[in-house]
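# Structural characterization, general
The primary structure of each chain is shown beneath.
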Amino acid sequence: MARLNLWRWGVLGIAGLYFLVPLAASVVFTVDVPGQGITFDAYTQIFSTDGFVSALLLSLELALATIAVVLLLMVPAMVALRLGAPRLRPVVEVVCSLPLVVPPIAFVAGIGTVLKWGPDHLSRTPLFETFMAIQNPDFPFVLVLAYVVMALPFVYRALDAGLRAVDVRTLVEAARSCGAGWPQALVRAVLPNLRGALLNASFLTLALVLGEFTVAQLLGFQPFAVWIVNVSGSQAQLSVAVSVLSLLVTWVLLLVLAGFGGRTRPTSRG
């Protein structure tokens, strides 16, 4: 047992060094200015830098919209799959895993081709306005659609693990026997038992949207990740400082999520 604990701590120590050493090097790069010594100017300039607030708000808006769309799509589908067609689970799993094997560059190339094809062939139809609206730079909904597809593997795994941990059929049948309709049974009986899975899926989607670069860059939009890369060309220390700050914020959100998702409601005893 002592040897097992020693091995476990050794693995955790190596993993900690693997993650903390690059982070520490990044922090040193941002605060150690040759000729000036230790200074935190790179961090104090973040909020006043042109484009920071707008890029961050855009990414957060895209993340919230992506989370809403992907959960509205996947939660009813996963529940219906588990209740009515469990034999189709391997098919759905393969379909949801496809974004992992399709390179982002090929994915965005297909999106770009469709966006260029649409205005030329649909200019005299009502769909033309739709093609233009989803490419609005203030809120490019086309990125939401792309991020929903990219988030499917992570959301599917999180929801599938949550559904495996609860008896969905019994919950739905109990709610239905009490007079609840299908939507009410889903909201009142199933979703409260999937709180941890929903939080995990939401956090993974948030991390994906905040860190995604390829699709947004090639489609010509500037959310947070693209803004960081653009700033790095002229202000390297500032871009690294923003990256460190965003990484720390992501860790804090993960800890909050772990704490919130681990809470259990106290059971009342009559």
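Numbering of residues starts from 1 in each chain and follows the order in which that chain's sequence is written. Confidence filtering applies because this is a predicted model: local features only for residues at pLDDT of at least 70, side-chain atom pairs given and counted only at 80 or more, and all residues used for totals across whole chains, interfaces and linings. To obtain the side-chain values, all non-hydrogen atoms of the structure were included, while hydrogens and water were left out.

On to the overall build of the protein chain, then. Helical segments are the DSSP runs of H or I of at least four residues, strand segments are the runs of E of at least two, and each set is numbered from the N terminus. Within the protein chain, the secondary structure is distributed over 13 helices and 2 strands. On the principal axes, the C-alpha backbone points of the protein chain span a range of 75 × 75 × 35 Å. Any residue under 20% of the maximum accessible area for its type is buried, any over 50% is exposed, and the rest in between are partly exposed; the area is computed with a 1.4 Å probe on protein chains only. Taken over 270 residues, the protein chain has a buried fraction of 33%. About 16500 Å² of surface is accessible on the protein chain, with carbon and sulfur atoms providing 68% of the total. Computed over 16 positive and 12 negative side-chain charges, the inter-centroid distance for the protein chain is 20 Å. Shrake-Rupley sampling with a 1.4 Å probe provides the accessible areas, and residues are treated as covered by the protein chains on show and by no other component. Here the positive residues are Lys and Arg and the negative ones are Asp and Glu; neither His nor the chain ends is included. Taken as the charge location is NZ of Lys, CZ of Arg, CG of Asp or CD of Glu.

Here is the rule: rings of Phe, Tyr and Trp (six-membered ring for Trp) pair when centre to centre is within 6.5 Å. Planes less than 30 degrees apart are stacked, more than 60 are edge-to-face, and the remainder are tilted. Overall, the coordinates contain 5 aromatic pairs when judged by the stated rule. For the pair Tyr 18 and Phe 19, a centre-to-centre distance of 5.3 Å together with 90° between the ring planes defines the contact as edge-to-face. Taking the relative accessible area as the measure of exposure, Tyr 18 reaches 61% and is therefore exposed. Aromatic side chains Phe 224 and Trp 227 sit 6.2 Å apart centroid to centroid with 10° between the ring planes, which places their arrangement in the stacked category. One end of the pair is Phe 224 and the other is Trp 227, both in helix α12 (residues 224-232) and 3 residues apart, which spans about a single turn.

Quick reminder: α-helices carry 3.6 residues per turn. Residues three or four places apart thus point the same way. Inspection of helix α8 (residues 168-177) places Val 168, Val 172 and Ala 175 among the buried residues, and these make up the whole buried set. The buried side chains of α8 occupy one side of the element, clustering within an arc of 65° when seen end-on. The contact definition used throughout considers only heavy atoms, calling two residues in contact when any of these lie within 4.5 Å. Looking at the packing, one finds that the buried side of α8 touches α3 (52-84), α7 (141-164) and α9 (182-190). In the segment just after α8, Gly 179 is the residue with positive phi, at about 100°. Directions are taken from the helix axis to each C-beta atom, and the arc is the one they span.

Before going further, it helps to examine the nonpolar core. What we call a nonpolar core is a set of buried Ala, Val, Leu, Ile, Met, Phe, Trp, Tyr and Cys residues that are connected through their side-chain atoms within 4.5 Å. Core analysis: the biggest nonpolar cluster contains 49 residues, and Leu 71, Met 74, Leu 143, Val 155, Leu 159, Val 168 and Leu 219 have the highest contact counts within it. Of all the secondary-structure elements, those providing two or more residues to this core are α3, α5 (104-121), α7, α8, α9, α10 (195-211) and α11 (214-218). For this core, the element with the most residues is α7, which contributes 14 residues. Those residues in contact with Leu 143 that lie beyond four places of it in its chain are Leu 62, Val 215, Ala 216, Leu 219 and Phe 221.

Turning next to the side chain of Asp 160. The topology assignment puts Asp 160 in helix α7. If we ignore the near neighbours within four places in the chain, the residues touching Asp 160 are Met 78 and Arg 89.

Below, the discussion takes up the environment of Leu 245. Counting through the fold element by element, Leu 245 comes out in helix α13 (residues 236-262). Judged by relative accessible area, Leu 245 falls into the partly exposed class, the value being 29%. For the pair Leu 245 and Ile 46, spaced 199 residues apart in sequence, the C-alpha separation works out to 9.6 Å.

A pairing counts as a salt bridge when a side-chain nitrogen of Lys or Arg comes within 4 Å of a carboxyl oxygen of Asp or Glu. Summed over the entire model, instances satisfying the criterion amount to 4 salt bridges. In this structure, Glu 93 engages Arg 89 in a salt bridge whose closest nitrogen and oxygen atoms are separated by 3.7 Å. Of the two residues, Glu 93 and Arg 89 are both situated in helix α4 (residues 89-101); the distance of 4 residues between them amounts to about one turn of the helix. Arg 164 is the partner of Asp 160 in a salt bridge, and the nearest nitrogen-oxygen pair spans 3.0 Å. One end of the pair is Asp 160 and the other is Arg 164, both in helix α7 and 4 residues apart, which spans about a single turn. Among the charged side chains, a salt-bridge network with shared partners connects Arg 89, Glu 93, Arg 157, Asp 160 and Arg 164.

This part takes up the confidence of the model for the protein chain. pLDDT runs from 0 to 100 and stands for how confident the predictor is about each residue. Per-residue confidence for the protein chain gives a mean pLDDT of 82; residues scoring 70 or more make up 91%. Mean pLDDT across the elements of the protein chain ranges from a minimum in α13, with 75, to a maximum in α7, with 92. Confidence drops under a pLDDT of 50 for residues 264-270, and excluding neighbours within four residues, the segment shows 2 contacts in the predicted structure.

This paragraph deals with a nonpolar patch on the surface. Residues Leu 88, Val 91, Val 94, Val 95, Leu 98, Leu 100, Val 101, Val 102, Phe 154 and Leu 204 make up a contiguous nonpolar surface patch of roughly 880 Å² in combined accessible area. A per-element tally of the nonpolar patch places α4 first, with 6 residues. One can find Val 91 in helix α4. Patch membership requires over 30% relative accessible area and the absence of a salt bridge. Like charges are linked within 9 Å, and nonpolar side chains (Val, Leu, Ile, Met, Phe, Trp, Tyr) within 5 Å.

This brings us to the packing of α7 against α10. Angular values range over 0 to 180 degrees, each being the angle between N-to-C directions of two axes fitted as lines to C-alpha atoms, with helices fitted over their stretch in contact. Where α7 meets α10, the axes come as close as 8 Å, and the angle between the chain directions of the two elements is 155°. If you check the angle between α7 and α10, you find them roughly antiparallel. Every pair of crossing elements has a handedness; the one defined by α7 and α10 is right-handed. Side by side, α7 and α10 meet where Tyr 147, Met 150, Ala 151, Phe 154, Val 155, Ala 158, Leu 159 and Gly 162 of the first sit next to Ala 197, Leu 198, Asn 200, Ala 201, Leu 204, Thr 205, Leu 208 and Val 209 of the second. Under the scheme applied here, ten amino acids are nonpolar (Ala, Val, Leu, Ile, Met, Phe, Trp, Tyr, Cys and Pro), four are charged (Asp, Glu, Lys and Arg), and all others, including Gly, are polar. Of the residues assigned to the contact of α7 with α10, the class counts are 13 nonpolar, 3 polar and no charged. Throughout, the term roughly parallel applies to angles under 35 degrees, roughly antiparallel to angles over 145, roughly perpendicular to angles from 65 to 115, and oblique to all others. By definition, any crossing whose near helix is turned counterclockwise from its far helix by less than a right angle is left-handed, and any crossing with a clockwise turn is right-handed.

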